[in-house]
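One-letter residues, chain by chain:
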Amino acid sequence: MSVFYDGGCSCRQVRYRMTTKPLFVHCCHCSWCQRETGSAFALNAMIESDRVQLQAGDVVIIDTPSASGKGQRISRCPRCEVALWSTYAGAGDAIRFVRVGTLDEPSRLPPDIHIYTASKQPWVQLPPGVPAAAEYYKASAHWPAESLERRAALQAKYPRRG
Ligand SMILES: [Zn+2]
Ligand SMILES: [Zn+2]
């Protein structure tokens, strides 16, 4: 098994590589993710932007409304328009939310936590043993130490703007 996590869009114009494992994987059951995916939830791997490398093609960035009101920027293939990752005002450009379903082997990254379960579809049964939050959660309570250290390094490098 590769140490990398490779993925891409449906038409294969855009190919990307996550060079390490992500910080944390969210399974988000919010109504915004349901609408944007046309499905019951979204699976997002949070990772430092400089650990995501384009291997082929380029993305177009589409400004899209978000629940916070501050918007998200979704990177899509310019040809087939599959969404590959997003950045959010809250986490900033330094962290990407990579759509796990676009990886070649998405089963390597199961959810570390289920969030916004208050709005999950009633037929979705959450697996025992995986943390779940009715809305959001504190990273310090759930992230592994290594991921918290990586986040601290990022915050030192990109101090939060206003
Ligand atoms: Zn494509
Ligand atoms: Zn969501």
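Remember, predicted model here, so these are calculated numbers, not experimental data. Per-chain numbering applies: the sequence of each chain, read as written, is numbered from 1 onward. Lettering for chains starts from A, numbering for ligands starts from 1, and both go in the order in which the items are written. At least 70 in pLDDT is required for a residue's local features to be given in this predicted model, at least 80 for side-chain atom pairs to be given and counted, and no such filter applies to totals for whole chains, interfaces and linings, which use all residues. Hydrogen atoms and water are omitted, and side-chain values are computed over all heavy atoms in the structure.

Tell me about the coordination of the zinc ion (ligand 1), residues and numbers included.
In ideal tetrahedral geometry, four donors around a metal make angles of 109.5 degrees, whereas ideal octahedral geometry with six donors gives angles of 90 or 180 degrees. Water is not among the atoms examined, so metal sites may look incomplete; donors are the N, O and S atoms within 2.8 Å of the metal, or within 3.2 Å for Na, K and Ca. Protein-derived coordination of the zinc ion (ligand 1) comes from Cys9 (SG), Cys11 (SG), Cys77 (SG) and Cys80 (SG), at a distance range of 2.3 Å. Geometry is assigned from the angles between donors: four donors with all angles from 85 to 135 degrees make a tetrahedral site, four or six donors whose opposite pairs exceed 155 degrees while the rest stay between 65 and 115 make square planar or octahedral sites respectively, and everything else is labelled irregular. For the zinc ion (ligand 1), the four donor atoms in the first shell make angles of 105 to 116° at the metal, so the coordination geometry reads as tetrahedral. Sequence spacing among the residues donating to the zinc ion (ligand 1) works out to C-x1-C-x65-C-x2-C.

How would you summarise the sheet that holds strand β7 (residues 72–76) if you had to cite specific residues and measurements?
Think of it this way: DSSP has to see at least two bridges between two strands before they count as a pair. Note on conventions: DSSP H or I runs of at least 4 residues are helices, E runs of at least 2 residues are strands, and numbering of each starts at the N terminus. Read from one edge of the open sheet, seven strands run β6-β7-β8-β9-β4-β3-β10, paired in mixed fashion. Two strands lie at the open edges of the sheet, namely β6 (60–64) and β10 (113–115), each paired on one side alone. In this sheet, neighbouring strand axes are inclined to one another by 30° on average, regardless of whether the strands run parallel or antiparallel. Note that strand β3 (residues 24–28) and strand β4 (residues 42–48) share five bridges and pair antiparallel. Bridge pairing links histidine 26 to asparagine 44 in β4. A fitted line through C-alpha atoms serves as each axis, taken over the contacting stretch for helices, and the angle formed by two N-to-C directions is quoted from 0 to 180°.

Could you give an account of the sheet that holds strand β5 (residues 52–56), naming the residues involved and the relevant values?
The strand order across the open sheet formed by three strands is β1-β2-β5, and the pairing between neighbours is antiparallel. Two strands bound the open sheet, and with one partner strand each, they are β1 (5–8) and β5. Neighbour to neighbour, the strand axes of the sheet diverge by 25° on average, direction disregarded. With four bridges joining them, strand β2 (residues 15–18) and β5 adopt antiparallel strand pairing. Across the sheet, residue tyrosine 16 finds its bridge partner in β5, namely leucine 54.

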